[in-house]
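# Coordinates in review
The chain contents come next:
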Amino acid sequence: MNSEALTFIVPVLLTIIAAATPLVYAAIGELLVEKSGVLNLGVEGMMLLGAVSSFAVAHVSGSALLGVFTGMFAGMAMALIFAFLTLHLRSSQVATGLALTIFGIGVSALMGQSLIGIAYAGLPDIMIPVLSNIPVLGKLLFQHNVLVYGSFVLVFAVWWFLQHTRAGLVLRAVGDSPEAAHALGYPVIRVRYLATLFGGACAGVSGAYLSMAYAPMWVENMTAGRGWIALALVVFATWQPGRLLFGAYLFGGITILQLHAQAFGINVPSQLMSMLPYVATIVVLVLISRDRGRIRRNAPASIGQAFHPTK
Amino acid sequence: MFVFGSTIKKTAIAIAAGVLSLGAMSVAAADKTKVGFVYVGPVGDHGWTYRHDIGRQAIEAEFGDDVETTFVESVAEGADAERVIRNLASSGHDLIFTTSFGYMNPTVKVAKDFPKVKFEHATGYKRADNVATYSGRFYEGRSVIGTMAGMMTKSNIVGYIASFPIPEVVRGINAFTIAMRRVNPEAEVKVVWVNSWYDPGKESDAAKTLIDQGADVITQHTDSPAPLQAAQERGVVGFGQASDMSAFAPDAQLTAIVDNWDQYYVDRTRAVIDGTWSSQDVWDGIATGMVDFPEYGAGVPDDVKAAADVIKNGIIDGSFHSFQGPIKNQAGEIIVDEGESISDEELLGMSYYVEGVQGSLPK
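The rules behind these values
- Residues numbered from 1 in each chain as written.
- Chains lettered and ligands numbered in written order.
- Predicted model: local features only at pLDDT ≥ 70, side-chain atom pairs only at ≥ 80, totals over all residues.
- Buried ≥ 20, exposed ≤ 12 C-beta atoms within 10 Å, placed from the backbone.
- Helix = DSSP H or I, 4+ residues; strand = E, 2+ residues; numbered from the N terminus.
- Pairing = 2+ DSSP bridges.
- Contact = placed C-beta atoms within 7 Å.
- Nonpolar A, V, L, I, M, F, W, Y, C, P; charged D, E, K, R; others polar.
- Axes fitted to C-alpha atoms, helices over the stretch in contact; angles between N-to-C directions.
- Left-handed = near helix turned anticlockwise from the far one by under 90°.
- Core = buried A, V, L, I, M, F, W, Y, C linked by C-beta atoms within 7 Å.
- Domains from an automatic or database assignment.
- Arc of directions from axis to C-beta.

Residue and element names in this part refer to chain B. Judged by how many residues are buried, strand E4 (residues 118-122) sits mostly within the fold: five of five residues are covered. Here E4 shows two buried faces, one formed by Lys 118, Glu 120 and Ala 122 and the other by Phe 119 and His 121. Relative to E4, strand E3 (residues 95-98) runs parallel, the two sharing four bridges. The residue of E4 that forms the bridge with Phe 97 is Glu 120. Sheet topology note: the E4/strand E5 (residues 131-136) ladder contains four bridges and is parallel. Counted as the bridge partner of His 121 is Thr 133 from E5.

Pasting the structure below:
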């Protein structure tokens with residue numbers, strides 16, 4: 001490959017990484033939540049709260065790290081509300097999740113009123129010593145902010161947790177058959193609480209990435225539907241972390257490549273491209289219901305259903 | 001608490017507006033003139049709705065206790081809008097500004113039932129005895145920034161981030177391109193459509209895409225400061241949209257096209273107080289200050305400032321028209337002869353690109 005093509009491709013790949021990272025965070029959290037049998041449709045709302053609170057704290061304290069942690073805790077706080085309502089009071093998970101999104105849109109807008117119009121420098125990139133000096137690859141792989149590196153670690157950790165740890169096995173059991181897990185003495189509600197909180201933390205970090213690194217500012221409703229794409233992504237990935245990572249980069253890549261196609265003057269209807277993640281998800285949903293054996297094996301059997309030990 | 005302290009008053013207003021929109025009528029002081037606003041977005045969008053709300057605040061600053069203003073934000077265009085407008089009309093408002101194109105039919109419909117209430121609809125074309133329309137000639141601003149872009153670009157590629165292919169946006173692209181090529185016939189415009197008025201992430205991606213493809217000047221017809229922020233980060237320059245965005249891009253912002261409704265809103269409110277209000281159609285631009293500019297950025301060379309000022313002054317004294325011939329279409333054929341210019345009617349329905357814009361217009 002000649003150097004001219006490389007100087008073009010590297011920045012394109014860098015923008016794809018930036019577009020995919022928030023999707024990875026929000027979706028990997030939701031994947032674990034759904035694996036425990038809980039469907040939290042409030043991802044968008046949790047992301048927004050993460051975005052506004054991380055931006056506020058980073059702006060006031062000047063500490064990016066503190067901002068990220070605040071975003072994480074804000075997402076967890078939202079998830080806690082959801083968990084209490086659905087797990088304790090056994091309200092409908094679908095309705096509660098939708099309400100959480102609407103609540104998040106409103107409350108983040110209220111909290112963010114005094115933050116509008118404030119600029120923030122953004123998360124600093126971390127140059128990994130030696131490696132970041134490698135031509136091309138160094139720029140592509142070893143010059144990102146901490147959240148980009150973290151997203152890969154997180155996906156690997158979730159995969160390892162689900163496939164290779166006893167706790168992961170318990171979580172999957174809770175998601176597939178809470179009655180059986182309960183009968184074996186596992187604390188179904190507690191497991192689901194922890195999973196939901198983890199999902200909230202990831203959504204919060206995803207929001208923090210948006211307001212601190214992706215487009216470092218606060219504006220109302222700045223997630224612009226990425227929480228919904230993350231939800232679609234979990235289904236698209238058939239609840240497998242590896243496929244989820246692939247899907248996030250695919251969805252992110254489609255977004256960026258269609259922008260490039262337009263700038264090159266290639267006439268692709270951009271509306272069609274915006275639609276693609278959802279079309280892909282519908283196709284996967286159809287495949288799931290067609291092929292019960294292979295794909296359905298990964299889907300948590302009790303998803304969306306409330307559990308009570310005396311049922 | 002920094003987040004809540006300054007917001008209590010606004011929250012109270014928002015709650016009052018919310019209560020109104022739910023149908024519970026508030027008690028109105030009879031001698032006060034009440035002015036209502038319906039916004040399509042949140043006041044915090046830092047763009048379109050934000051500037052309308054600054055206009056509302058200008059009314060409050062001008063008339064103080066003689067006037068009471070109300071706003072209802074994030075009102076969806078459609079059935080919801082009619083309900084909100086009707087509630088404002090029946091709760092004693094004397095003057096109601098409906099600030100989005102999609103409010104046109106509901107505004108006219110409600111106005112029929114409330115002949116004594118005055119309505120002002122932004123960017124529409126349906127009028128009645130108690131319905132006036134108003135809009136800004138933002139394309140005039142695009143002639144100014146197009147001139148600057150033509151002089152500033154070294155790569156001769158200028159990136160344009162566009163929202164939806166409607167005449168308002170297409171008109172802006174064409175006005176920009178015509179002005180740019182008057183000063184730099186080699187320069188071309190690359191357009192990227194993001195299909196949103198407001199998606200900071202996607203707008204930022206679009207800006208980076210254009211910069212990666214060689215653009216060294218970026219302009220936008222979307223509402224967030226994200227493209228300008230991306231320009232700042234990558235060391236290229238651009239223009240603010242709807243409001244002054246220099247806080248986000250102190251080096252990158254050359255200037256901005258600012259929507260300034262303040263004077264218009266104050267004037268129309270005064271007309272209602274004086275009893276001189278009548279229906280009209282206003283399409284004002286730089287000359288009346290409805291299209292406004294902040295100070296030039298620090299990096300703008302003197303000759304570029306001078307050239308931009310020539311365009312501004314020409315528009316004000318009438319010697320310059322953004323769509324003055326000769327104008328060529330993308331095929332290079334002359335569509336407007338020298339000495340002629342495109343009429344307002346044609347501008348309102350513009351649906352083609354002029355020479356110098358790359359790609360084809362999405363249908």
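Moving on to the interface of chain A and chain B. Between chain A and chain B, the contact holds 37 residues from the first and 37 residues from the second. Mapped onto the side of chain A that touches chain B, the elements with two or more residues apiece are helix H1 (3-35), helix H2 (43-61), helix H4 (93-111), helix H9 (188-214), helix H11 (241-263) and helix H12 (270-290) of chain A. In terms of residues, the side of chain A that touches chain B owes the most to one element, H11(A), which gives six residues. When the residues that make up the side of chain A that touches chain B are grouped by side-chain class, the tally is 23 nonpolar, 13 polar and one charged.

All names here are of chain B. Buried residues dominate E5, accounting for six of its six residues. By the alternation rule, side chains of E5 split into Val 131, Thr 133 and Ser 135 and Ala 132, Tyr 134 and Gly 136, which are all buried. Two elements, E5 and strand E11 (residues 281-284), share four bridges in a ladder whose sense is parallel. Within E11, the residue paired with Gly 136 across the bridge is Asp 284.

Residues and elements named next belong to chain B. What the six strands build is an open sheet, ordered E2-E1-E3-E4-E5-E11; its pairing is parallel. Here the strands that pair on one side only, and so sit at the sheet edges, are strand E2 (67-72) and E11. Neighbour-to-neighbour, the strand axes of this sheet turn through a mean angle of 15°, independent of strand direction. Relative to the sheet, helix H2 (residues 48-63) contacts strand E1 (33-38) and E2, its axis offset from that of E2 by approximately 165°.

Another point: the packing of helix H10 (residues 226-236) of chain A against H12(A). Residues and elements named next belong to chain A. Interaxial distance between H10 and H12 falls to 9 Å at its minimum, and their mutual angle equals 35°. As for how H10 packs across H12, the hand of that crossing is left-handed. Listed contacts from H12 to Ile 229, Ala 232, Val 235 and Phe 236 of H10 are Pro 277, Tyr 278, Ala 280, Thr 281, Val 284 and Leu 285. Taken together, the residues that form the contact of H10 with H12 break down as nine nonpolar, one polar and no charged.

As a further point, take the environment of A:Gln262. All names here are of chain A. Summarising the element assignment, Gln 262 is placed in helix H11. Gln 262 gets classed as buried once you count the C-beta atoms within 10 Å, which come to 27. For the pair Gln 262 and His 144, spaced 118 residues apart in sequence, the C-alpha separation works out to 27 Å.

This part takes up the nonpolar core. In this structure, A:Leu23, A:Ala27, A:Leu233, A:Val234, A:Leu244 and B:Val192 are the most contacted members of the largest nonpolar core, which totals 184 residues. With 15 residues, the single largest contributor to this core is H9(A). Structurally, this core is a two-domain feature, drawing no fewer than three residues from each of domain 1 (5-136) and domain 2 (138-259 + 292-348) of chain B. Discounting chain neighbours no more than four positions away, the residues touching A:Val234 are A:Ala27, A:Glu30, A:Leu31, A:Glu34, A:Trp239 and A:Leu244.

What follows concerns H10(A). Residue and element names in this part refer to chain A. With 10 of 11 residues buried, H10 lies mostly within the body of the structure. Buried within H10 we find Arg 226, Gly 227, Ile 229, Ala 230, Leu 231, Ala 232, Leu 233, Val 234, Val 235 and Phe 236. Thr 238, located one to two residues past H10, shows a positive phi value of around 45°.

Attention now goes to helix H4 (residues 104-113) of chain B. Spacing of three or four residues puts side chains on the same side of an α-helix, whose turn is 3.6 residues. Residue and element names in this part refer to chain B. Three or more residues of H4 are buried, namely Met 104, Pro 106, Thr 107, Val 110 and Ala 111. Mapping the buried residues of H4 onto a view down its axis gives an arc of 165°, with all of them on the same face. Seen from the buried face of H4, the exposed residues on the opposite side, beyond 90 degrees, are Lys 112 and Asp 113. Those residues of H4 hidden inside the fold are in contact with helix H3 (79-90), E3, E4 and E5.

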